[in-house]
Amino acid sequence: MQTASQLVSAGPTSWRRYLELTKPRICALITFTALVGTLLASPGWPPLRAVLFGTLGIGLAAACAAAINHVLDRRIDEQMTRTRARPLPTGQLTERHALLFAGVLGVLAMTILSFLVNPLTAMLTFVSLIGYAIIYTVWLKRATPQNIVIGGAAGAAPPVLGWAAVTNTVNPHALLLFLIIFAWTPPHFWALAIARKHEYARAGIPMLPVTHGVEHTRLQILLYSVLLALVTLLPFITGMSGLIYLACVLVLDARFLYYAVRLKFRPRPQLPMQLFRYSISYLMWLFAALLIDHYLPTTQLLFRV
């Protein structure tokens, strides 16, 4: 097994392989939503210590979960065009190296959160890590076509974790952010599942298009997209956000629904991936709108008027 010194001496090429284990784009989105949670948790600027160490610990935990996912999904990744070039299927890294890397990330994350943030954030982060890396990857992903719906709870947790890092509580507004990501997850992943239906079937993964057909999945995507649009109005309705957020989310939801409606009633081969890619930008801009709305003084004045 590689030691820490061997990892350092392996050079930049090897480090890029380890970086790939963290699924950097997904990890960045998770960390961003957690950061937004920390910033929204306080009327003004939250304590710098909570923001820095909370975001760092949650980001490291997300990277740890991604690396474990690479190990557990290695045989599936070998059978799918989208993932067969990953470090483990190609033999660029071994499972032992990946597990050591994940272990280091996990220990660092839990240490930072436990001693530099608060025990509640550490506990919730650990539960989320286990939920994604073990329960979802090992069991749900292979057991039921509702894997994305049930497993989405782990992926929706980061804003709650970020909020807890500042307040040491689980706030109802944080749960609204959780609900948004929870409703976003099925249409996001099912769009990809339609585009990669044959690969999932070959790998033996019971994704919804494989078990219930593409037409049924298109309907579910539309229904969940409508639910998502309704859920994203809740921050404004509850007074958590103001008119800037409302204006942004209406535009974002309109485009999301446009893709979902076209996918259901006027399907084209390229539409599933278009929806999948847009859904990533959608979530990023939605959380950015929440942040801008929170800190722009004009928002509060407009809302009062």
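My aim in this report is to walk through the structure given alongside it, one point at a time. Since the structure is predicted, the reported quantities are computational estimates derived from the model, not experimental observations.

### Observations regarding unusual backbone geometry
The residue Lys23 is not glycine, and still its phi comes out positive at about 50 degrees. Within the fold, Lys23 resides in the loop between helix H2 (11-21) and helix H3 (24-40). Lys23 gets classed as buried once you look at its relative accessible area, which sits at 14%. The phi angle at Asn168 is positive, at roughly 60 degrees, despite the residue not being glycine. Relative to the assigned elements, Asn168 resides in the loop between helix H9 (158-167) and helix H10 (172-195). A relative accessible area of 41% places Asn168 in the partly exposed class.

### A short note on helix H13 (residues 214-231)
For H13, which comprises 18 residues, the first-to-last C-alpha distance of 25 Å matches the rise-based estimate of 26 Å (1.5 Å per residue) to within 8%. Among the residues making up H13, those that are buried are Val214, Thr217, Arg218, Gln220, Ile221, Leu222, Tyr224, Ser225, Leu228, Ala229 and Val231.

### Some details on the nonpolar core
Of all hydrophobic cores here, the largest spans 59 residues; its most connected members are Leu40, Trp184, Ile221, Tyr282, Leu286 and Phe287. Not counting the four nearest positions on each side in its chain, Trp184 is found in contact with Leu29, Leu228, Phe256, Ser279, Ile280, Tyr282 and Leu283. Core analysis: the second largest hydrophobic core is formed by 31 residues, Cys64, Val71, Leu88 and Ala109 among them.

### Looking at the environment of Ile130
Within the secondary structure layout, Ile130 lies in helix H7 (residues 119-143). Sequence-wise, Ile130 and Ala153 are 23 residues apart; in three dimensions their C-alpha atoms are separated by 12 Å.

Reading the values: rules and limits
Residues numbered from 1 in each chain as written. Predicted model: local features only at pLDDT ≥ 70, side-chain atom pairs only at ≥ 80, totals over all residues. Heavy atoms only, no water. Helix = DSSP H or I, 4+ residues; strand = E, 2+ residues; numbered from the N terminus. Buried < 20%, exposed > 50% of the residue type's maximum accessible area, 1.4 Å probe, protein only. Expected span 1.5 Å × (residues − 1). Core = buried A, V, L, I, M, F, W, Y, C linked by side-chain atoms within 4.5 Å. Contact = heavy atoms within 4.5 Å.

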